[in-house]
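The lines below spell out each chain.
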Amino acid sequence: MYTPAEFYQRDREWHPPALTPHYKTAVSRSPQYSLISLQNSSSEITGPVFGHNDIDPLDNDLLNNYAKPGENPIGPRLIAHGRVVDENGRGVPNTLVEAWQANAGGRYRHKKDTYLAPIDPNFGGCGRTLTDENGYYFFRTVKPGAYPWRNYVNGWRPAHIHFSIFGTAFAQRLITQCYFEGDPWISRCPIVKTIPDERAVDMLVAKLDENATIPLDTQCYRFDIVLRGRRSTLFENRLEGN
Amino acid sequence: MTSNTPEYLKETPSQTAGPYVHIGLAPGAAGFDIYKQELGWDIAGPNAKGERIRVEGVVVDGIGSPIKDVLLEAWQANSEGVYAHPECEGNVEDGFRGWGRVITDFETGEWGFDTVKPGATMGRNGRMMAPHINLWIVARGINIGLNTRIYFEDEVEANAKDPVINLIEWEKRRATLIAKRSERDGQVVYRFDVKIQGEDETVFFDI
Ligand SMILES: [Fe+3]
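Predicted model only: the values in this text are computed from it and were never measured.

## A word on the interface of chain A and chain B
Contact with chain A, which involves 98 residues of that partner, is made by 82 residues of chain B. Taken together, both faces of the contact between chain A and chain B bury some 8100 Å²; the carbon and sulfur share is 56%. Ranking the residues of chain A by area buried against chain B places Arg29, Ile36 and Phe170 of chain A at the top, with a combined share of 11%. Counting every contact that joins chain A to chain B gives 10 salt bridges. Here Arg97 of chain B and Asp54 of chain A are joined by a salt bridge, their closest N and O atoms 2.7 Å apart. Scanning the region where chain A abuts chain B turns up 53 residue pairs in polar contact (both at pLDDT 80 or more). Looking at the side of chain A that touches chain B, the element that brings in the most residues is strand β9 (residues 174–180) of chain A, giving five residues. Split by residue class, the side of chain A that touches chain B holds 43 nonpolar, 32 polar and 23 charged. Here strand β1 (residues 36–37) of chain A pairs with strand β12 (residues 205–206) of chain B via two bridges, running parallel. Within β12 of chain B, the residue paired with Ile36 of chain A across the bridge is Phe205 of chain B.

## Examining the coordination of the iron ion
Residue and element names in this part refer to chain A. For the iron ion, the full set of protein donor atoms is Tyr108 (OH), Tyr147 (OH), His160 (NE2) and His162 (NE2), at a range of 1.9 to 2.2 Å. Mapping the donors of the iron ion onto the primary sequence yields the spacing Y-x38-Y-x12-H-x1-H. Each member of the pair, His160 as well as His162, carries the same accessibility label: buried.

## Here's the deal with the packing of aromatic side chains
Inspection of every chain in the model, using the stated rule, returns 20 aromatic pairs over all chains. Centre to centre, the rings of Phe163 of chain A and Phe223 of chain A are 5.0 Å apart; their planes meet at 45°, and the pair counts as tilted. Of this pair, Phe163 of chain A sits in strand β8 (residues 160–165) while Phe223 of chain A sits in the loop between β11 (219–222) and β12 (225–227), and the two are 60 residues apart along the sequence. A centroid spacing of 4.8 Å and a plane angle of 70° characterise the contact between Phe152 of chain B and Tyr190 of chain B, whose relative ring orientation is edge-to-face. Taken as a pair, Phe152 of chain B in strand β8 (residues 146–152) and Tyr190 of chain B in strand β10 (residues 187–191) lie far apart in primary sequence, 38 residues in all. The pair formed by Phe152 of chain B and Tyr190 of chain B is uniform in burial state, with each residue classed as buried. Among the aromatic residues, those joined into a cluster by ring pairs are Tyr137, Phe139, Phe163 and Phe223 of chain A. Above the face of the Tyr35 of chain B ring, Arg128 of chain A is positioned so that its terminal group lies 3.7 Å from the ring centre.

## Digging into the pairing of strand β2 (residues 71–76) of chain B
Residue and element names in this part refer to chain B. In terms of burial, β2 is largely enclosed, as six of its six residues are buried. Residues Leu71, Glu73 and Trp75 line one face of β2 and the alternating positions Leu72, Ala74 and Gln76 line the opposite face, and both faces are buried. Bridge count between β2 and strand β3 (residues 99–103): five bridges; the pairing is antiparallel. Bridging across to β3, Ala74 finds its partner in Gly100. One ladder, built from six bridges, connects β2 with strand β7 (residues 132–138); its direction is antiparallel. From the neighbouring strand, Leu71 faces β7, where its bridge partner is Val138.

Procedures and definitions
Residues numbered from 1 in each chain as written. Chains lettered and ligands numbered in written order. Predicted model: local features only at pLDDT ≥ 70, side-chain atom pairs only at ≥ 80, totals over all residues. Heavy atoms only, no water. Contact = heavy atoms within 4.5 Å. Buried area = accessible area lost by both parts, 1.4 Å probe. Salt bridge = Lys/Arg side-chain N within 4 Å of Asp/Glu carboxyl O. Polar contact = N/O pair within 3.5 Å; in protein donor to acceptor, adjacent residues only side chain to side chain. Helix = DSSP H or I, 4+ residues; strand = E, 2+ residues; numbered from the N terminus. Nonpolar A, V, L, I, M, F, W, Y, C, P; charged D, E, K, R; others polar. Pairing = 2+ DSSP bridges. Donors = N, O, S within 2.8 Å, 3.2 Å for Na, K, Ca; no water. Buried < 20%, exposed > 50% of the residue type's maximum accessible area, 1.4 Å probe, protein only. Phe/Tyr/Trp six-rings, centres within 6.5 Å; stacked < 30°, edge-to-face > 60°. Lys NZ or Arg CZ within 6 Å of the ring centre and 35° of its normal.

Structural data, given as structure tokens:
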């Protein structure tokens, strides 16, 4: 009888809870009943597999993937890089990482964004890449600007890049946001503050990576991502329920 | 720290996908064309065997309004119950991925995707799971993606034996996972409305 090795239980006190009154949109979009805990089956330990046919090699270069030939987006040139690892510290190779962000002025290329900062004609604002055999990834982009949003009347999102990561299993699927060290809006942001533990917030704050910064060219920030780890098959699983 | 202390990393915490999730995951819907191909629009591919179906619905918030900036991802086995993944025994048809990504109509909140009906899959401890599609839902205001499952109305017997459905203590709530079957212009359509909160709230899983 095949019973798959499970992923470690997600620590629901580490992640933000569903109901977070200060992030107002969550109030009517949060389930009231408890989640039903499931032991992993084949439906959870499997997940989509992506390959180099799915994406273009330049998809991770936001400086160029939407710019007109010979032109560049406006803003501080930035490399965001890091490793995708699991809770056991092992690199997650060949996994799809997608990223999206506002331009340097804080404006998204989205028909629903009406912020008065201008659209940058040379900046799309999205990228994607596959991690290498060690779980390493990088994006080349511009540093996004902070932007206002209607939660409180005077609220600004700290500069951030949205990240979507797959891992190897549907149970590892994750969307998060990467902030930048030193940004005074981080500690004021109701979305950041949905995360109860300061140490968890710190995982989302990319650190200046001076050694990887390219002299006279591009600043570099390090953002490592940790996905759920998995049990070894060492221990026999007990029969569930009765 | 002694050498006996197990050292594990903590998972990166989740954050909401926000209102502009389309830019990253479905840029065409955000209003621009950037990639040679967007991912997740073709779940089953042209060679998949089995019954071709369409699955549709809305995701409704606690006030009863459709959520118009939601993004859903589907993960399913093929008609033989095989997932397109190296850890799943068996083979899938060439071009069958089993994964789909869908967003709602910005005006109505309606979403839908075309696929094949999945087969029953092996669950834990040799117990078969009824045909189902795994669903993951993110949106502005959802702090961590919500997992649920779509089961099929016409699989009465398999559903009755399904180990996951049976884990739900409140029989009344089980109905929230069952998609309703109908036909429209010769096409099989399953309706699966998700209620995030309140009366008849959809069952969500901690997987
Ligand atoms: Fe944002």
